[in-house]
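Chain residues, written in single-letter form:
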Amino acid sequence: MKDRNAYHEYADNLRTHPEFGPLSDDDIEKVISTMKIKRYHRGQVLFDQGDSRANFYYLIDGVVKSFHWDEDGEEQLYLYIRQDKAFPYIGLFDDDNYAYTVESMTEVKLAEIPMSVYEEVLQNTPELMVNAIREMSRIINMAETQTSKKWLPRVLSVGFGMPFGF
């Protein structure tokens, strides 16, 4: 980050959030010195499903949606990501490519952090790792709830011989 005036503002902001709060001053310095602040207009794609998983993002302002394309080429909404949240958690330490597409739903301001830097500080900070696991659990619970709401009426209608939608 080149703007030293903004440095302290972002360092203080990052320290207040579970995604970065447990980091040491040295790790905060490492994150901030490599991150870029970017702005996107409504409808812009931050990254596409299948792109090289190069960055971890912290949403400073705005809303983005994450979705993937199914085998029929249909868009399947994954979740909305709001201000003061980080992403992507899917594929940490494992995947080379993003599992979904992220598109801005509003004007967006975010911090872009090299994935290698985020994964390094995550590995070296047990409390941060626990917070990441909690966030992954929250995302899984939301996805399971969405899936059950989507499929339960279909399962019930087939199971009870009722027309879809009752």
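This report concerns the structure included in the present document. (Residues numbered from 1 in each chain as written. Predicted model: local features only at pLDDT ≥ 70, side-chain atom pairs only at ≥ 80, totals over all residues. Heavy atoms only, no water.)

## So, the layout of surface pockets
Step number 1: Here the second largest pocket defines a volume of roughly 200 Å³.
Step number 2: Lining the second largest pocket are 18 residues, and of these Leu 79, Tyr 80, Ile 81, Arg 138 and Met 142 sit closest to its centre.
Step number 3: Looking at the lining of the second largest pocket, the elements with two or more residues in it are β5 (75–82), β6 (86–87) and α4 (126–159).
Step number 4: Of the residues in the lining of the second largest pocket, the class split is 12 nonpolar, 2 polar and 4 charged. (1 Å grid on protein atoms, 1.4 Å probe; cavity = no way out; pocket = protein on both sides within 12 Å on 5 of 7 lines; lining within 4 Å. Points joined across faces, edges and corners; volume = space filled by probe spheres on them. Helix = DSSP H or I, 4+ residues; strand = E, 2+ residues; numbered from the N terminus. Nonpolar A, V, L, I, M, F, W, Y, C, P; charged D, E, K, R; others polar.)

## A word on the environment of Lys 38
Step number 1: Following the sequence through the fold, Lys 38 ends up in strand β1 (residues 36–40).
Step number 2: Note on Lys 38: relative accessible area 30%, which makes it partly exposed.
Step number 3: Taking the C-alpha atoms as reference points, Lys 38 and Ala 111, separated by 73 residues in sequence, lie 6.4 Å from one another.
Step number 4: Setting aside anything within four residues of it in sequence, one finds Lys 38 in contact with Val 108, Lys 109, Leu 110 and Glu 112. (Buried < 20%, exposed > 50% of the residue type's maximum accessible area, 1.4 Å probe, protein only. Contact = heavy atoms within 4.5 Å.)

## Remarks on the environment of Lys 36
Step number 1: Residue placement: Lys 36 occurs in strand β1.
Step number 2: Lys 36 sits 76 residues away from Glu 112 along the chain, and the two C-alpha atoms are 5.1 Å apart.

## Overview of the pattern of salt bridges
Step number 1: Scanning the entire structure with this criterion turns up 8 salt bridges.
Step number 2: Linking Glu 112 and Lys 38 is a salt bridge whose minimum nitrogen-to-oxygen distance equals 3.5 Å. With Glu 112 in strand β8 (residues 108–114) and Lys 38 in strand β1, this pair connects stretches of sequence that are 74 residues apart.
Step number 3: Close ionic contact of Glu 135 with Lys 85 constitutes a salt bridge, the shortest N to O distance being 3.8 Å. (Salt bridge = Lys/Arg side-chain N within 4 Å of Asp/Glu carboxyl O.)

## Some details on the packing of helix α2 (residues 25–34) against helix α3 (residues 115–123)
Step number 1: The interhelical angle for the contact between α2 and α3, taken along N-to-C directions, is 170°, at an axis separation of 10 Å. It follows from the interaxial angle that α2 and α3 lie roughly antiparallel. In contact with Asp 27, Lys 30, Val 31 and Thr 34 of α2, α3 contributes Val 117, Glu 120 and Val 121.
Step number 2: Its residues placed into classes, the contact of α2 with α3 shows 3 nonpolar, 1 polar and 3 charged. (Axes fitted to C-alpha atoms, helices over the stretch in contact; angles between N-to-C directions. Parallel < 35°, antiparallel > 145°, perpendicular 65-115°, else oblique.)

## Some words on the sheet that holds β5
Step number 1: One open sheet accounts for 4 strands, arranged β2-β7-β4-β5; its pairing is antiparallel. The sheet is open, and its two edges are formed by β2 (45–47) and β5, each paired on a single side. For this sheet, the mean inter-axis angle between neighbouring strands, taken without regard to orientation, is 30°.
Step number 2: One ladder, built from 2 bridges, connects β2 with strand β7 (residues 101–104); its direction is antiparallel. Counted as the bridge partner of Phe 47 is Val 102 from β7. (Pairing = 2+ DSSP bridges.)

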